[in-house]
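# Reading the structure
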2 protein chains.
Amino acid sequence: MDDRAKRIRRNSPGGKADTAKVDLTAVVVAVSNNEPCVLTIGQTDTLPSGPLALEHRSLQSGLRTWVEEQTGHPLGYIEQLYTFADRDRAGAELERRVISISYLALTRKEHATAPSKSSWQSWYDYFPWEDHRAGAPPMVSDLLRPRLIEWAESADDDATRLERRRRAAIAFGFGDRPWNEDLTLKRYELLYEAALVEEAMRGSTLPPPVRGKSMVSDHRRILATGISRLRSKIKYRPVVFELMPPAFTLLQLQRTVEALAGRLIHKPNFRRLIEQHQLVEETGETSTETGGRPAKLYRFRHAVLEEGEVAGAKLPLSRA
Amino acid sequence: MDDRAKRIRRNSPGGKADTAKVDLTAVVVAVSNNEPCVLTIGQTDTLPSGPLALEHRSLQSGLRTWVEEQTGHPLGYIEQLYTFADRDRAGAELERRVISISYLALTRKEHATAPSKSSWQSWYDYFPWEDHRAGAPPMVSDLLRPRLIEWAESADDDATRLERRRRAAIAFGFGDRPWNEDLTLKRYELLYEAALVEEAMRGSTLPPPVRGKSMVSDHRRILATGISRLRSKIKYRPVVFELMPPAFTLLQLQRTVEALAGRLIHKPNFRRLIEQHQLVEETGETSTETGGRPAKLYRFRHAVLEEGEVAGAKLPLSRA
DNA sequence: CCGGTTATACTCTACCTGAATATAAGGCGT
DNA sequence: ACGCCTTATATTCAGGTAGAGTATAACCGG
C-alpha cells in the first residue's frame, strides 16, 4: 500500500491535479410514428446532462435525477455508454479536467409526467446519412463519397491514402461492400476527422460541407455512440420492447426496429424469428387501425428476461 | 445556457461538491501455458492503477503511463470496460467521491521491458468456479449450489425466493440449464449479494464461505467485468491474436481460446471456422514440439482487421 | 362483390453448426 | 524395420437457421 501513497503524492504537487468535474449525459431514445427520436433540452441541440454531486447515491441515480428535473421524464431502462475525458473538450483554458460519463436510456414519449422545456428530435436530423430505409440517401454517393475521396487523396503518403479510402469504403459501404448500420459512430468519427461536420470546424467561418444539425460540445458524438450501441444491441437482446406500448401488432414492432436500424426487414422472417424465440404472446385483441385485415395484438413476454439471457434475437436484416 | 449555470450553482454550495478523484484501473491479460493470467502489483492482490493527472493527454494515455510505470509492461490493445462510482467504495468518511474508470488490456508476458514488482496470477485463483475445461468444478454443486439455495430460501417473501433461485440457476447453469461462460460478472455479483465472497464480509470475523482469493477494494469485480467482456468478445472479434506469439499452431490457438472461455472447443469445427474466415495464413514452417505429427505454423492475417469488421468469428463451443 | 390493403401461413434452398469418423505424419521403443 | 502412440489434417452427415419468394385470409371502401 505504500506505493499507492507514493503515487498519489507524486501527482498531486498542489493537491489539485487529481480532481475532476464529472458530467453525466443521457441519450434518451423513444420511437413514435416510425421515427427514432432523442430527447433534447432548451433551444440549442443539447442532451440532458448535469454534474455528478455528492448527494447522488450512484452514477445512475444522479443521471435519473438530472433527466427528470430537466425534462420531466422518469427513466426506465438505462445502460452506461462510454466515459470521455478529452482535455480540449471544454477549451484549454480550464484548469480542471472534465469527465463525461454517458448513458443510453430507452423510454416512450407518453411516459412524460410534467411538461418542460425539453423536446424530441429525430435522429436523422443529426445524421441524415444514417437512414437507409428508402435505400441509401442520395447524399451518400453525391456528397459524402466525393468529399471523403478528396480527403483521402489529400494525405501525404500512399499508405495513408490507401488506408483512408479503405476506412471510408468500409464505414459507408462504398464499392460493392454492404452497408453496416452498426457503424454509426465510426462514420461520424470519420466525417469529423475529414473535417466535414460542423463540430470539426468550430472557429472557422466556412459553412460545414455536410448537412445535418450539429449539437453542443461533443453531444453529437455521444448520440452517435448511443445509436451504434442500440443498433447492435437490438440484434441479440430484446430491448426494443422498452420502446413499445403495452400492446402492439407485429408490424408495429417491425417498423420500430426498422426505424432504429435505419433499414428494412424481411417481414416473414422477422415474424418467424419473434415467434421462434417466443418473445411475445397474444393479448386476444386485434387492431383494425392498419387499413387491411385486422392484426393480432401482442404483448412482450417478460418471462424471457428471466429465462437465460443467452437467447438473443438476431435480426433478419434484408439486403435489398 | 442559463439553466446550466443555475444547475451548477445549485449543487456547489461550497464549490467543492462537483469535484471527484478519478482512478484508472487496468485488467491486463496474458495467456501462457494454457492459463489465463492477470497482471497484479505488490504483495497484495491489486490491479495496476493510479489517479488521472492533468499531464495525461487522455484517459488511455494516463492508463498506459501508470501500467508501464508500475509493471514495466507497455500496453498494446486496450478497451474501456466500465466506470464505477460507488460512494461507499472508499469508505463513507471520504469527503470526495472516487470515480473508477477501468480498462481491459491484452498483451503477452514476453512484452515486459523491465523487471518490476508486478506478477502474473491465474484468473482461476480468484474465480475457481469459472474453469469448466475439465467439466464443472466440484465446488459448484458441492458448495455454491447449496449455499445459494440457502440464501434464496432466507428471503422474506415467496416472490423473492423464486427470483433468487431462478437467477442462481441461470447464472450457474443449475438443473438442466447450460453453462454460459459469459456470465462471470453476474455470477460474482450474485455471490457478493449472497455474502459468499470475502469482499462482501469485510469487517466480519467469519471466514468467507467460498474459496478463491479476494482482491483489494473492488478489484475482483473489475476483473470479473474484464473476463465477462473478453469471453463474449472473442466470439465475434479476432482479439485472441493479441495474446498469441507471432507464429503458432492451430492447437495452440485453440488452447488459448479455451483458457479464456474456461471450456473446451470441438477441434474440427474450430479449425473449419478459422479457415473459413481466413483469419490466419501459413508461415511455411512447422512445429514438432507437440509430440505427434508436426503442425503447420500460422500467423494472424492483419488484413482481416481492415476488411470490414463485420465478419466476427463465432466460436463453436462444445457442450460436452 | 371486387380490388386494394394488410395479416398470416407455407415452402424452398443455401449455408452454418454440432458431431463423428477417417487418414496422414511424425517420434519412440523393441 | 516395425508397430504403436500421439497429434495433425481431411471428410462426411444430419439438423437447424437465415434469406427469399409465394400463397391464402380477412377487412375496408366503393
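Residues numbered from 1 in each chain as written. Chains lettered and ligands numbered in written order. Predicted model: local features only at pLDDT ≥ 70, side-chain atom pairs only at ≥ 80, totals over all residues. Heavy atoms only, no water.

## Looking at the pairing of strand β4 (residues 77-84) of chain B
Residue and element names in this part refer to chain B. For clarity, the threshold we go by: Burial classes: relative accessible area under 20% of the type maximum marks a residue as buried, over 50% as exposed, and values in between as partly exposed (1.4 Å probe, protein chains only). By definition, any uninterrupted DSSP run of H or I lasting at least four residues is a helix, any uninterrupted run of E lasting at least two residues is a strand, and each is numbered from the N terminus. Strands pair, by our definition, only if DSSP identifies at least two bridges between them.
Of all 8 residues that make up β4, 6 are buried, and the element is covered over most of its length. Where β4 lies against strand β5 (residues 97-106), 7 bridges are found, and the strand directions are antiparallel. Pairing of Y77 across the sheet is with L106, part of β5.

## Here's the deal with the packing of aromatic side chains
Residues and elements named next belong to chain A. Defined as follows: Centre distance within 6.5 Å is the pairing criterion for rings of Phe, Tyr and Trp, where only the six-membered ring of Trp is used; planes under 30 degrees apart are then read as stacked, over 60 as edge-to-face, and the remainder as tilted. In this analysis the charged atom, NZ for Lys or CZ for Arg, is taken to sit over a ring once it is within 6 Å of the ring centre and within 35 degrees of the ring normal.
Using the criterion set out here, one finds 16 aromatic pairs over all chains in the structure. Each ring, one from W123 and one from Y124, has its centre 6.1 Å from the other, and the planes form 80 degrees; the classification is edge-to-face. Among the residues examined, W123 registers a relative accessible area of 1% and is labelled buried. When the ring of F172 is compared with that of F174, the centres are 5.7 Å apart and the planes differ by 10 degrees; the resulting orientation is stacked. Taking the relative accessible area as the measure of exposure, F172 reaches 3% and is therefore buried. The positively charged end of R220 is found above the aromatic ring belonging to F127, 5.9 Å away from the centroid.

## A word on the protein's contact with DNA strand C
Under the convention used in this document: One heavy atom within 4 Å of a molecule or strand makes the whole residue count as near it. Polar contacts here mean pairs of N or O atoms no more than 3.5 Å apart (in protein, one a potential hydrogen donor and the other a potential acceptor; neighbouring residues in sequence count only if both atoms are side-chain atoms).
Taken together, 20 residues surround DNA strand C, and among them R271 and K296 of chain A together with N269, R272 and R293 of chain B come closest. The protein-proximal atoms of DNA strand C, defined as those within 4 Å of the protein, are 55% sugar or phosphate. One of the side-chain nitrogen or oxygen atoms of R272 of chain B is found 2.9 Å away from a base nitrogen of DNA strand C. Separating a base nitrogen of DNA strand C from a side-chain N or O atom of R293 of chain B is a distance of 3.0 Å.

## Some thoughts on the confidence of the model for chain A
Threshold: For every residue, the predictor states its confidence as a pLDDT score lying anywhere from 0 to 100. Whether two residues are in contact is decided by their heavy atoms: any pair within 4.5 Å suffices.
Mean pLDDT over chain A stands at 86; residues scoring 70 or higher make up 87%. Under a pLDDT of 50 for its full length, residues 1-16 of chain A has, in the predicted model, 24 contacts with residues more than four places off or in other chains.

## A word on the packing of helix α4 (residues 138-153) of chain B against helix α5 (residues 158-172) of chain B
All names here are of chain B. As a reminder of what qualifies: All axes are obtained by fitting lines to C-alpha atoms, using only the stretch in contact for helices, and the reported angles, taken between N-to-C directions, cover 0 to 180 degrees. Convention used here: angles under 35 degrees read as roughly parallel, angles over 145 as roughly antiparallel, angles from 65 to 115 as roughly perpendicular, and any remaining angle as oblique. A crossing counts as left-handed when the near helix is turned anticlockwise from the far one by less than a right angle, and as right-handed when that turn is clockwise. Any residue that is not Ala, Val, Leu, Ile, Met, Phe, Trp, Tyr, Cys, Pro, Asp, Glu, Lys or Arg is counted as polar, Gly included; the first ten are nonpolar and the last four charged.
The geometry of α4 relative to α5 is characterised by a closest axis approach of 8 Å and an angle of 160 degrees between their N-to-C directions. Relative to α5, the element α4 lies roughly antiparallel. The handedness of the crossing between α4 and α5 is right-handed. Note on element contacts: α5 touches α4 through R161, R164, R165, R167, A168 and F172, opposite L144, L148, W151, A152 and E153. Looking at side-chain class alone, the contact of α4 with α5 contains 6 nonpolar, no polar and 5 charged residues.

## Some details on unusual backbone geometry
Phi is positive for N33 of chain A, which is not a glycine, with a value near 55 degrees. With respect to the secondary-structure elements, N33 of chain A resides in the loop between β1 (19-32) and β2 (35-40). Phi is positive for A195 of chain B, close to 55 degrees, though the residue is something other than glycine. Relative to the assigned elements, A195 of chain B resides in the loop between α6 (184-193) and α7 (219-233).

## Concerning the side chain of Q80 of chain B
Mapped onto the elements, Q80 of chain B comes out in strand β4. At 3.1 Å, the side chain of Q80 of chain B forms a polar contact with the side chain of Y103 of chain B. Sequence-distant contacts of Q80 of chain B, that is, excluding residues within four places in its chain, are made with Y82 and T83 of chain A together with L59, I101, S102, Y103 and R229 of chain B.

## Notes on the pattern of salt bridges
Quick note on the threshold: Criterion for a salt bridge: a side-chain nitrogen of Lys or Arg within 4 Å of a carboxyl oxygen of Asp or Glu.
Taken as a whole and judged by the stated rule, the model has 41 salt bridges over all chains. With a shortest N-O distance of 2.7 Å, E130 of chain B and R187 of chain B are connected by a salt bridge. Of this pair, E130 of chain B sits in the loop between α3 (123-126) and α4 while R187 of chain B is found in helix α6, placing the two residues 57 residues apart along the sequence. R187 of chain B matches E130 of chain B in its accessibility class, with the two residues each being buried. The shortest N-O distance in the salt bridge between R165 of chain B and E153 of chain B comes to 2.4 Å. With a gap of 12 residues between them, R165 of chain B in helix α5 and E153 of chain B in helix α4 connect regions that are remote in the sequence. Each of E181, D182, K235 and R263 of chain A takes part in salt bridges that share partners, so that together they form one network.

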